[in-house]
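# Chains, contacts and geometry: an overview
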Amino acid sequence: MKIAPISEELFQRAQHSIPGGVNSPVRAFRAVGGNPRFMVSAKGAYMFDEDGNRYIELINSWGPMILGHAADIVQEAVQKAIPDSLSFGAPTRKEIEIAELIVDLVPSIEKVRMVNSGTEATMSAIRVARGYTGRNKMIKFEGCYHGHGDSFLIAAGSGAITLGVPDSPGVTQGVAADTLTAPFNDLEAVKTLVEANKNQIAAIILEPVAGNMGLVLPAPGFLQGLRDLCTKEGIVLIFDEVMTGFRLAPGGAQQLYGVTPDMTTLGKIIGGGMPVGAYGGKKEIMDFVAPAGPVYQAGTLSGNPIAMSAGMAMLQYLQSHREVYTNLEQTTSSMVTGMRENMQQLGLNYTINHVGSMFSIFFTEQPVTDFESAKTSDTAQFGRYFNSMLQRGIYLAPSQYESLFVSTAITDDLVQEYLQANREALEEAAR
Ligand SMILES: Cc1ncc(COP(=O)(O)O)c(C=O)c1O
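Residues numbered from 1 in each chain as written. Predicted model: local features only at pLDDT ≥ 70, side-chain atom pairs only at ≥ 80, totals over all residues. Heavy atoms only, no water.

## Here's the deal with the overall build of the chain
When you go through the chain residue by residue, the secondary structure sums to 14 helices and 16 strands. For the chain, the C-alpha radius of gyration of 21 Å lies close to 22 Å, the compact-globule estimate for 431 residues. Burial analysis of the chain (431 residues in total) assigns 56% to the buried set. The long-range fraction of contacts in the chain, counting pairs at least 24 apart against all pairs at least 6 apart in sequence, stands at 71%. Carbon and sulfur atoms make up 52% of the accessible area of the chain, which amounts to about 17,800 Å² in all. (Helix = DSSP H or I, 4+ residues; strand = E, 2+ residues; numbered from the N terminus. Rg over C-alpha atoms; globule rule 2.2 N^0.38 Å. Buried < 20%, exposed > 50% of the residue type's maximum accessible area, 1.4 Å probe, protein only. Contact = heavy atoms within 4.5 Å. Areas by Shrake-Rupley, 256 points an atom, 1.4 Å probe, with all protein chains shown as cover.)

See below:
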């Protein structure tokens, strides 16, 4: 039984100086109950909290630690770069090298601009798409998250074919009106929106594999259908691969599913854990970005030398060790198969979605293909399951509506440890 009095005390203290005690909302554990654990270190498959508890990690900093925490190659690259200065605010050779590597790896990217977060990447990509097309509106999908930029914080309202309403105070009605929403995997709804807003849609943005309503896979033909529609209507198709980029394949979900968007947003893994994002795409679109073109986008710390060094080390490793992807798929498959066996033995029949090294268990018996079906999950039961797993030393994402990320540091023994905990926690949560 893991107890965490120091974390509890820190959480009380944090709330005096930090809104809600955390620097990003999901970390507060509000969706699952209990207090967040305050971490001090992590290595490989493990993370250690202030109370000295050890956890097997299945968030991996929400994706980027694909080689496990504090991977030697990344740490060494960072240490080597530090003496040369932490920031120049001037161009460096490393920025060209990482850009060339990204262009090489990601099918849709001919030119790329580095930024500091996934949010910056998506906000910038939308601005560029608007500048390029001269149109204002965009379509996003219910349950897809693209960072906290104003135009992305829009709910579906009463239906897919309505104008957006702000999902957060502070987002103006004016901004919301330019964001249209459709259900994920519903190509017909998108076609209807496009028809009703002829020549007004600048971009369609989506997570090609959605990871922010739990893991939801694209239905066969959905991505290709969007591709065809965008080509026909002169709409910029943007794949937000902040989660899936370099994770599902070296070239991301677009490589895995063989559908090439016009633009791609990236984050997380490029920085190997450092704060990095990027957006890129076709030359003719990216040449709209300043100073090549008129769309302004800038950043004091963009292309930061330490972050670039971490990213280069990570991406070069992934480029030259393609077996990482087969190994991750095998590990994740054995976890998912084991979970299904556990459920069968316990007489439970929840839905598990899985692709590559990402998976989610939904506490519903219904197939989960979009946000509506994801919402049929019993979130109270998920909360009990989460806390049972935490007590058993397994650190999951503290929300039903998140994906889990497996790293190469998860060994066969750890899979068995995970499955034992999973069985006990499923049983406990079902009571
Ligand atoms: C698909 C997707 N896009 C964008 C973002 C925003 O990235 P960041 O948190 O780095 O701003 C996230 C964050 O989780 C994400 O999952």
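## A word on the environment of Leu256
Looking at where Leu256 falls in the secondary structure, it is placed in helix H8 (residues 252–257). Linking Leu256 and Thr231, residues 25 residues apart in sequence, is a C-alpha distance of 20 Å.

## Looking at the side chain of Ser407
By the element assignment, Ser407 lies in the loop between strand E16 (404–405) and helix H14 (412–430). Residues within four places of Ser407 in sequence aside, it is in contact with Asn60, Met65, Ile66, Leu67, Gly68 and Leu328.

## A few points about the sheet that holds strand E8 (residues 179–182)
Strand order in the open sheet formed by 7 strands is E4-E12-E11-E10-E9-E5-E8, and the pairing between neighbours is mixed. A strand with exactly one partner marks an edge of an open sheet, and here the two such strands are strand E4 (111–115) and E8. Strand-to-strand twist in this sheet, taken as the mean axis angle between neighbours without regard to direction, amounts to 20°. Where E4 lies against strand E12 (residues 277–281), 5 bridges are found, and the strand directions are antiparallel. Paired with Lys111 across the bridge in E12 is Gly281. Across the sheet, helix H7 (residues 222–233) touches strand E5 (137–141), strand E9 (201–206) and strand E10 (236–240), and the angle it forms with E9 is around 165°. (Pairing = 2+ DSSP bridges. Axes fitted to C-alpha atoms, helices over the stretch in contact; angles between N-to-C directions.)

## Describing the environment of Tyr350
By the secondary structure assignment, Tyr350 is in the loop between helix H11 (323–346) and strand E13 (351–355). Along the chain, Tyr350 and Leu193 lie 157 residues apart, while their C-alpha atoms are 33 Å from each other. Those residues in contact with Tyr350, other than ones at most four positions away along the chain, are Met343, Ile361, Phe362, Phe363, Thr364, Gln381, Leu426 and Ala430. Among the polar contacts made by the side chain of Tyr350, one reaches the side chain of Gln381 at a distance of 2.5 Å. (Polar contact = N/O pair within 3.5 Å; in protein donor to acceptor, adjacent residues only side chain to side chain.)

## A look at the pairing of strand E11 (residues 263–267)
The buried count for E11 comes to 5 of 5 residues, which makes it a mostly enclosed element. Every second residue of E11 is oriented toward a common face, with Met263, Thr265 and Gly267 on one face and Thr264 and Leu266 on the other, all of them buried. Direction of pairing for E10 relative to E11: parallel, over a ladder of 3 bridges. The residue of E11 that forms the bridge with Asp240 is Thr265. Crossover handedness for the path E10 to H8 to E11: right-handed. In this structure, E11 lies alongside E12, joined through 5 bridges in antiparallel fashion. The residue of E12 that forms the bridge with Met263 is Gly281. (Right-handed = clockwise from strand over helix to strand, strands pointing away.)

## Overview of the site of the ligand
In the neighbourhood of the ligand, the contacting residues comprise Ser117, Gly118, Thr119, Tyr145, His146, Gly147, Glu207, Asn212, Asp240, Val242, Met243 and Lys268. The side chain of Asn212 places a nitrogen or oxygen atom 3.1 Å from an oxygen atom of the ligand. A distance of 3.0 Å separates an oxygen atom of the ligand from a polar atom in the side chain of Lys268. A total of 390 Å² of accessible area belongs to the ligand in isolation, and the protein chains cover 81% of it. (Near = heavy atom within 4 Å.)

## Some thoughts on the packing of helix H3 (residues 93–105) against helix H10 (residues 305–320)
Relative to each other, H3 and H10 sit at 35°, their axes nearing to 10 Å. Along this stretch, H3 crosses H10, giving a crossing that reads as left-handed. Residues Lys94, Glu95, Glu97, Ile98, Leu101, Ile102, Asp104 and Leu105 of H3 form the contact with H10, whose participating residues are Pro305, Met308, Ser309, Gly311, Met312, Leu315, Gln316 and Gln319. Considered class by class, the residues forming the contact of H3 with H10 number 8 nonpolar, 4 polar and 4 charged. (Left-handed = near helix turned anticlockwise from the far one by under 90°. Nonpolar A, V, L, I, M, F, W, Y, C, P; charged D, E, K, R; others polar.)

## Some thoughts on the environment of Gly225
Along the polypeptide, Gly225 turns up in helix H7. Gly225 sits 78 residues away from Gly303 along the chain, and the two C-alpha atoms are 35 Å apart.

## Considerations on helix H2 (residues 72–81)
For H2, the complete set of buried residues consists of Val74, Ala77, Val78 and Ala81. Taken down its axis, H2 places every buried residue within 95° of arc, on the same side. Along H2, the residues that are exposed and aim more than 90 degrees away from the buried face are Gln79 and Lys80. (Arc of directions from axis to C-beta.)

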